[in-house]
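One-letter residues, chain by chain:
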Amino acid sequence: MPIPAMIRAMRPHHWLKNGLVFVPILLNHDVFDLAALGHGVVAFVAFSLLASAIYLLNDIVDVEADRRHPTKCKRPLAAGEITQAQAYAAVPLLLIVAFALTALVPQPRLFLTALSAYLVLALLYLFFLKRKLLVDVLGLAALHTLRILAGNAAAAIPISSWLLAFSMFLFLSLALVKRYAELRITQDQSGLKKAGRGYHAEDIEALSQLGMASGCTCALIMALYVDSAAVKELYRHPEIIWLICPIILYQMARVWFLARRGQMPDDPLVFMIRDWRSQLMGATVVLIMVAATVIP
């Protein structure tokens, strides 16, 4: 088996998204708790292996459509660098190791539930949901949100309804960016239908409007969170958290401006993780949270 090609087919560059499991640890102010961080690392590795198994299955199912796609044709399976038999053989191995890691967290049943829910939803998305109008983007948003819930389960941190609401609208907006970017790449309506998507070329403006509205809703949820009882328990000066709201608005607006200019790749979350401006905004948010916590 060509190991480098198989590793690329597992898409390790997408493992960055699994860093979402650390979000509950960060927001719960457990960044200096080595035990919580260790459980977060276990969750990160487990989700990375599980996601790679899903990516391989996705490439197997979409191999013919990928070969007709202007960029996805370079994926190892579509390019013929690995065979379908090799991809099929790797899937159960990745799943076994991913689920075996659940024994290393303090509440393995909860984490196993989160991992299983992700697998079931990912399979539903792969074989059914991704061909349904709007249901596909809701499924993508739920998959990303499940990563955060898995972080809660792995580190035994209670679930925050505020974080759940914020993440659903955030990831819905980013999922809509993903579909918008794909529509811009493949402007031919018949090509989109052959690819198994439920969108037409004339839907592109509606996707943009819905996505920008979802992004603005994230800022609204953050503004409401500032006045909640939950934030007052964690921060000495919750009013400082207000400064995060314009940052969210700027970041989401910038993502959509880039998408409308055709400058957004097919995975906006990975783009945001790698983009230096997004990194700067993320660091600013962390500084604001620290300031709200430590200022006397």
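Anything mentioned here points back to the structure above.
Nothing here was measured: the structure is a model prediction, and the numbers come from that model. (Residues numbered from 1 in each chain as written. Predicted model: local features only at pLDDT ≥ 70, side-chain atom pairs only at ≥ 80, totals over all residues. Heavy atoms only, no water.)

Caption draft 1: Seen up close, the overall build of the protein. The secondary structure content of the protein amounts to 14 helices and zero strands. Listing each helix as α and each strand as β along the protein from the N terminus yields α-α-α-α-α-α-α-α-α-α-α-α-α-α. Its C-alpha atoms give the protein a radius of gyration of 20 Å, near enough to 19 Å, the size a compact globule of 296 residues would have. When the backbone C-alpha atoms are referred to their principal axes, the protein occupies close to 60 × 45 × 30 Å. Within the protein, the proportion of its 296 residues that are buried is 49%. Excluding contacts between residues fewer than 6 apart, the proportion of contacts in the protein whose partners are at least 24 apart in sequence is 72%. (Helix = DSSP H or I, 4+ residues; strand = E, 2+ residues; numbered from the N terminus. Rg over C-alpha atoms; globule rule 2.2 N^0.38 Å. Buried < 20%, exposed > 50% of the residue type's maximum accessible area, 1.4 Å probe, protein only. Contact = heavy atoms within 4.5 Å.)

Caption draft 2: Spatial organisation of the layout of surface pockets. In this structure, the largest pocket occupies an estimated 1,400 Å³ of space. Elements with a minimum of two residues in the lining of the largest pocket: helix H2 (23-27), helix H7 (135-154), helix H8 (161-185), helix H10 (204-226), helix H11 (229-234), helix H12 (244-260), helix H13 (268-274) and helix H14 (276-294). No other element matches the eight residues that H14 contributes to the lining of the largest pocket. A breakdown of the residues in the lining of the largest pocket according to their chemical character gives 36 nonpolar, nine polar and two charged. Size it by volume and the second largest pocket reaches roughly 950 Å³. Every residue lining the second largest pocket is counted, 44 residues in all, and those nearest its centre are Arg11, His14, Arg75, Lys178 and Asp267. Among the elements of the structure, helix H1 (3-9), helix H3 (34-61), helix H6 (108-127), H7, H8 and H13 are those that each provide at least two residues to the lining of the second largest pocket. The biggest single contributor to the lining of the second largest pocket is H8, with seven residues. Looking at the lining of the second largest pocket residue by residue, the classes come out as 20 nonpolar, six polar and 18 charged. (1 Å grid on protein atoms, 1.4 Å probe; cavity = no way out; pocket = protein on both sides within 12 Å on 5 of 7 lines; lining within 4 Å. Points joined across faces, edges and corners; volume = space filled by probe spheres on them. Nonpolar A, V, L, I, M, F, W, Y, C, P; charged D, E, K, R; others polar.)

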